Amino acid sequence: MAIMTDQILLELLRKRGEKRLSQKALADQIGISRLTLSKIERGETHLVQRRIFESILKFINEE
């Protein structure tokens, strides 16, 4: 299990805003369900699976 920091969560939300993605579009790009993304956005990030964590980091680092 990976721990998402507040900084990573804020960066994810900033990227979503920059690209003007809906929650569904962002979830599809990351490769997770909308429900999982919703929980992450609410801050329920203490038990994020490593695969999801890595997908989020990959999304954030894409330019």
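In this text, all values refer to a predicted model and were calculated from it rather than measured experimentally.

Novice: Looking at this structure, I do not really get the overall build of the protein. What am I missing?
Specialist: Check the secondary structure of the protein and you find four helices and zero strands. Reading the protein from its N end, one meets helices and strands in the order α-α-α-α. Relative to the globule expectation of 11 Å for 63 residues, the C-alpha radius of gyration of the protein, 10 Å, shows essentially globular dimensions. Here the C-alpha coordinates of the protein stretch approximately 30 × 20 × 20 Å along the principal axes. Considering the protein as a whole, with its 63 residues, one finds that 35% of them fall into the buried category. A total of about 4300 Å² of accessible surface is found on the protein, and carbon and sulfur atoms cover 51% of it. Of the side chains in the protein, 12 bear a positive and 9 a negative charge, and the two mean positions are spaced by 5 Å.

Novice: For this particular structure, what's the right way to read the pattern of salt bridges?
Specialist: Two side chains bearing opposite charge may form a pair once their charged atoms approach each other closely. Using the criterion set out here, one finds four salt bridges in the structure. The residue E18 makes a salt bridge to R14 at a minimum N-O spacing of 2.0 Å. Here R14 and E18 lie together in helix 1 (residues 6–19), a separation of four residues that amounts to about one turn. For D28, the salt bridge identified is with K24, shortest N-O distance 3.2 Å.

Novice: Mind showing me how you'd approach helix 2 (residues 23–30) here?
Specialist: In an α-helix, one turn spans 3.6 residues, which is why side chains three or four residues apart end up on the same side. Looking at helix 2, one finds that the buried residues are L26, A27 and I30. Burial along helix 2 is one-sided: seen end-on, the buried residues are contained in an arc of 100°. One or two positions beyond helix 2, positive phi appears at G31, with a value near 90°.

Novice: Where do I start with unusual backbone geometry in this structure?
Specialist: Excluding glycine, residues mostly carry a negative phi; peptide bonds, for their part, are mostly trans. You will see that R20, though not glycine, has its phi angle at about 50°, which is positive. Counting through the fold element by element, R20 comes out in the loop between helix 1 and helix 2. Taking the relative accessible area as the measure of exposure, R20 reaches 77% and is therefore exposed.

Novice: Honestly, the packing of helix 1 against helix 4 (residues 50–61) in this entry has me stumped. Any pointers?
Specialist: The angle between the axes and the distance between the axes are what describe a pair of packed helices. Remark: helix 1 packs on helix 4, axes separated minimally by 10 Å, with the N-to-C direction vectors making an angle of 50°. Between helix 1 and helix 4, the crossing angle belongs to the class labelled oblique. Handedness of the helix 1/helix 4 crossing: left-handed. Here helix 1 contributes I8, E11, L12, K15 and K19 to the contact with helix 4, which in turn contributes F53, I56, L57, F59 and I60. Residues that form the contact of helix 1 with helix 4 fall into these classes: seven nonpolar, no polar and three charged.

Conventions used here
Residues numbered from 1 in each chain as written. Predicted model: local features only at pLDDT ≥ 70, side-chain atom pairs only at ≥ 80, totals over all residues. Heavy atoms only, no water. Helix = DSSP H or I, 4+ residues; strand = E, 2+ residues; numbered from the N terminus. Rg over C-alpha atoms; globule rule 2.2 N^0.38 Å. Buried < 20%, exposed > 50% of the residue type's maximum accessible area, 1.4 Å probe, protein only. Areas by Shrake-Rupley, 256 points an atom, 1.4 Å probe, with all protein chains shown as cover. Lys, Arg positive; Asp, Glu negative; His and termini not counted. Charge placed at Lys NZ, Arg CZ, Asp CG, Glu CD. Salt bridge = Lys/Arg side-chain N within 4 Å of Asp/Glu carboxyl O. Arc of directions from axis to C-beta. Axes fitted to C-alpha atoms, helices over the stretch in contact; angles between N-to-C directions. Parallel < 35°, antiparallel > 145°, perpendicular 65-115°, else oblique. Left-handed = near helix turned anticlockwise from the far one by under 90°. Contact = heavy atoms within 4.5 Å. Nonpolar A, V, L, I, M, F, W, Y, C, P; charged D, E, K, R; others polar.

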